[in-house]
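Spelled out, the chains give:
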Amino acid sequence: MHLLKYTFIIFFLFSFQVKANENSKIRYINIDFIFKNSNVGKKINEIAIKNREKKLEANKKIEKKLEDQKKDILAQQNILSDEDFQQKVLSHQKEVQEYQIKKNNEIKEMNRKNIDLTRNFMKKIDKILLEYANTNKIDLILKKEILIVSNSNLDISKNVLEIVNKQIKKID
């Protein structure tokens with residue numbers, strides 16, 4: 001009985017064996033290459049760097065001011081009464097905490113904006129890839145990162161980069 005089942009299963013599997021379609025087109029793309037080398041991708045990266053440097057410069061000034069305040073308070077330790085000294089120390093600590101919270105919120109907001117810009121750019125690239133696949137009758141486009149070995153003739157990154165630079169002119 002079991003032999004009959006196994007024979008039937010083997011016959012069934014071989015009779016409906018799926019053969020690979022030799023005409024199917026498979027290509028791959030390096031998304032990082034497109035992001036780093038496209039005009040809009042470069043602009044997004046420049047904006048992120050510029051904003052980060054601007055915030056760092058502003059934060060350095062605030063941190064220097066807070067450090068100077070700390071030194072002034074410590075210099076007045078022997079002059080002030082214990083209550084006044086403690087009050088200035090607590091006030092300074094509160095100011096430092098507020099600054100750290102503000103700094104963290106600014107960093108989160110900056111990261112959120114960068115992620116949004118990148119996400120919108122990637123959505124546009126996805127649309128371009130769909131059009132490219134339809135136009136060139138490509139059945140499957142893979143990310144280069146998931147490949148182990150591949151023929152470089154199957155890479156469409158440069159072709160798509162040209163299209164991206166032509167079609168995407170501004171940052172959203």
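Our structure's up above, just so we're on the same page.
Residues numbered from 1 in each chain as written. Predicted model: local features only at pLDDT ≥ 70, side-chain atom pairs only at ≥ 80, totals over all residues. Heavy atoms only, no water.

Moving on, we get to the environment of D172. Relative to the elements of secondary structure, D172 occurs in the segment after helix 5 (157-167). Of the residues examined, D172 reaches a relative accessible area of 45% and is grouped as partly exposed. A C-alpha to C-alpha distance of 9.9 Å links D172 and I44, two positions 128 residues apart in sequence. (Helix = DSSP H or I, 4+ residues; strand = E, 2+ residues; numbered from the N terminus. Buried < 20%, exposed > 50% of the residue type's maximum accessible area, 1.4 Å probe, protein only.)

Let's shift gears to the environment of L56. Secondary-structure assignment places L56 in helix 3 (residues 39-75). Overall, L56 belongs to the partly exposed group, its relative accessible area being 46%. Placed 47 residues apart in sequence, L56 and K103 show a C-alpha to C-alpha distance of 9.7 Å.

Ranked by size, the top nonpolar core spans 19 residues in total, and within it I29, I34, F121, I125, V160, V164 and I168 carry the most contacts. Counting only elements with at least two residues in this core, the list comes to helix 2 (31-37), helix 3, helix 4 (82-135) and helix 5. Among the elements that line this core, the one with the most residues is helix 4, at seven residues. For I34, the contacting residues outside a window of four places in its chain are I29, I125, S157, V160, L161 and V164. (Core = buried A, V, L, I, M, F, W, Y, C linked by side-chain atoms within 4.5 Å. Contact = heavy atoms within 4.5 Å.)

All right, on to unusual backbone geometry then. The backbone of K137 shows a phi angle near 55 degrees, a positive value even though the residue is not glycine. Following the sequence through the fold, K137 ends up in the loop between helix 4 and strand 2 (140-143).

Glancing now at helix 5. Taken as a whole, helix 5 has its buried residues at S157, V160, L161, V164 and N165. One side of helix 5 holds all its buried residues, which, seen down the axis, span an arc of 140 degrees. Next to the buried residues of helix 5 lie strand 1 (26-29), helix 2, helix 3 and helix 4. (Arc of directions from axis to C-beta.)

Moving on, we get to helix 4. When the terminal C-alpha atoms of helix 4 are compared, their 79 Å separation across 54 residues agrees well with the 80 Å that a helix rising 1.5 Å per residue should span. Turning to helix 4, its buried residues number three or more, namely F85, H92, Y99, M110, N114, L117, F121, I125, I128, L129, Y132 and A133. Contacts from the buried residues of helix 4 go to strand 1, helix 2, helix 3, strand 2 and helix 5. Count one or two residues on from helix 4 and you reach K137, which has phi positive near 55 degrees. (Expected span 1.5 Å × (residues − 1).)

This part takes up the packing of helix 3 against helix 4. Put simply, helix 3 and helix 4 touch, their axes get as near as 11 Å, and they point 180 degrees apart. Overall, the two elements helix 3 and helix 4 adopt an arrangement that is roughly antiparallel. (Axes fitted to C-alpha atoms, helices over the stretch in contact; angles between N-to-C directions. Parallel < 35°, antiparallel > 145°, perpendicular 65-115°, else oblique.)

Turning our attention to the environment of N120. Tracing the chain through its elements places N120 in helix 4. Placed 51 residues apart in sequence, N120 and I171 show a C-alpha to C-alpha distance of 8.4 Å.

In this structure the tally under the stated criterion is six salt bridges. For the salt bridge of R112 with E109, the shortest nitrogen-to-oxygen distance reads 2.5 Å. On the criterion of helical spacing, the pair formed by R112 and E109 is a turn pair, its members being three residues apart in helix 4. E109 sits in the partly exposed class, given a relative accessible area of 33%. For R112, the salt bridge goes to D116, with nearest N and O atoms at 2.6 Å. You can see R112 and its partner D116 sitting in helix 4, four residues apart, about one turn around the helix. Its relative accessible area of 40% is what places R112 among the partly exposed residues. (Salt bridge = Lys/Arg side-chain N within 4 Å of Asp/Glu carboxyl O.)

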